[in-house]
Amino acid sequence: PSLRSMSLRDKPAVLHRRSPMPSPPEQASVCQWQERRRDMTSATSHLIIISGNDSSLPVVQPPTTTITLVQTPDRATDFQQSTVDRFIEVPEISAESLIALLRPIHLESPVTALACFLESAIVPAAVAADALAIPSNPVEAVRTAHNKARTRQALERHGVSQQPWRQCSTLD
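Here's a quick rundown of the structure. (Residues numbered from 1 in each chain as written. Predicted model: local features only at pLDDT ≥ 70, side-chain atom pairs only at ≥ 80, totals over all residues. Heavy atoms only, no water.)

Our next topic: helix H2 (residues 95–108). With 14 residues, H2 extends 20 Å from end C-alpha to end C-alpha; this agrees with the ideal 20 Å at 1.5 Å per step. A bend of about 30° at Leu 102 is the largest found in H2, and the proline Pro 104 appears one to four places after it. Within H2, the full set of buried residues consists of Ala 95, Ser 97, Leu 98, Ile 99, Leu 101, Leu 102, Ile 105 and His 106. (Helix = DSSP H or I, 4+ residues; strand = E, 2+ residues; numbered from the N terminus. Expected span 1.5 Å × (residues − 1). Bend = angle between axes of the 7 residues up to and from the residue. Buried < 20%, exposed > 50% of the residue type's maximum accessible area, 1.4 Å probe, protein only.)

Next up, the structure:
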């Protein structure tokens, strides 16, 4: 493995080997599954994490929580696969693909919360959670936070002072 950076103690940082790309899917919902805990019905809560870094995962997993990680091949690491109860590698993250993937999981082992740590997937994750009635960040709040003009408009509505601004509709 190649090295990306040096640690604070001048020791090389370890680059985790990434999972191999899945073979071309015959259908959009094809993904690779890896489960560490077979009986996932004994946990009292079920957290789904949509993409994230190694630091997005708990070092010590709560004893009564099942953690499922949905990840793309380019972001997957061996650490992630070994830390979670269920690791699902998907070719892409979109609202539609998440709904199709999470619906049967939610029926089998009800999801008590969904969190997303990849900026480009935050809106699709919120849309999927909303469609499946999984507790997560509200879609409108995520869309507002994800759009600078909508954020400023919301701040104005609630009386939060800010620098003068305007929305431009052309490059001129």
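Next, the rest of the story.
Here we take up the pairing of strand E3 (residues 65–71). Both faces of the sheet carry side chains from a regular strand, because those side chains alternate between them. When you tally the buried positions in E3, you get seven out of seven residues, the bulk of the element. Bridging between strand E2 (residues 45–50) and E3 involves six bridges; their strand directions are parallel. Bridge assignment links Ile 49 to a residue of E3, and that residue is Leu 69. In this structure, E3 lies alongside strand E4 (residues 86–89), joined through four bridges in parallel fashion. Across the sheet, the residue bridging to Gln 71 is Glu 89, located in E4. Note on the crossover from E3 through helix H1 (residues 78–83) to E4: the handedness is right-handed. (Pairing = 2+ DSSP bridges. Right-handed = clockwise from strand over helix to strand, strands pointing away.)

Attention now moves to the nonpolar core. Membership of the largest hydrophobic core comes to 21 residues, with the highest contact counts inside it found for Ile 48, Ile 50, Val 70, Leu 98, Leu 101, Leu 102 and Leu 114. Breaking this core down by element, the ones donating at least two residues are E2, H2, strand E5 (113–116) and helix H3 (122–131). Top contributing element to this core by residue count: H2, with five residues. Excluding residues within four positions of it along the chain, Ile 50 makes contact with Val 70, Ile 93, Leu 98, Leu 102, Leu 114, Ala 115, Cys 116, Phe 117, Leu 118, Ala 121 and Ala 125. Judged by nonpolar contacts, the second largest core, of seven residues, contains Leu 57, Ile 67, Ala 76 and Phe 87. (Core = buried A, V, L, I, M, F, W, Y, C linked by side-chain atoms within 4.5 Å. Contact = heavy atoms within 4.5 Å.)

So, about the pattern of salt bridges. Pairing between side chains becomes possible if they bear opposite charge and their charged atoms approach one another. Counted according to the given criterion, the structure contains three salt bridges. The partner of Glu 108 in a salt bridge is Arg 86, and the shortest N-O contact between them spans 3.0 Å. Of this pair, Glu 108 sits in helix H2 while Arg 86 sits in strand E4; the two residues are 22 residues apart in sequence, bridging distant segments of the chain. Taking the relative accessible area as the measure of exposure, Glu 108 reaches 47% and is therefore partly exposed. Taking relative accessible area as the criterion, Arg 86 reaches 0% and is therefore assigned buried. For the salt bridge of Glu 140 with Arg 150, the shortest nitrogen-to-oxygen distance reads 2.6 Å. Remark: Arg 150 occurs in helix H5 (residues 148–157) and Glu 140 occurs in helix H4 (residues 139–146); sequence separation between them is ten residues. Exposure remark for Arg 150: the relative accessible area of 30% places this residue in the partly exposed category. (Salt bridge = Lys/Arg side-chain N within 4 Å of Asp/Glu carboxyl O.)

Mapped onto the elements, Ser 94 comes out in the loop between E4 and H2. At a separation of 3.0 Å, a polar atom in the side chain of Ser 94 contacts the side chain of Ser 97. (Polar contact = N/O pair within 3.5 Å; in protein donor to acceptor, adjacent residues only side chain to side chain.)

Any link to function would need more than the numbers given here.
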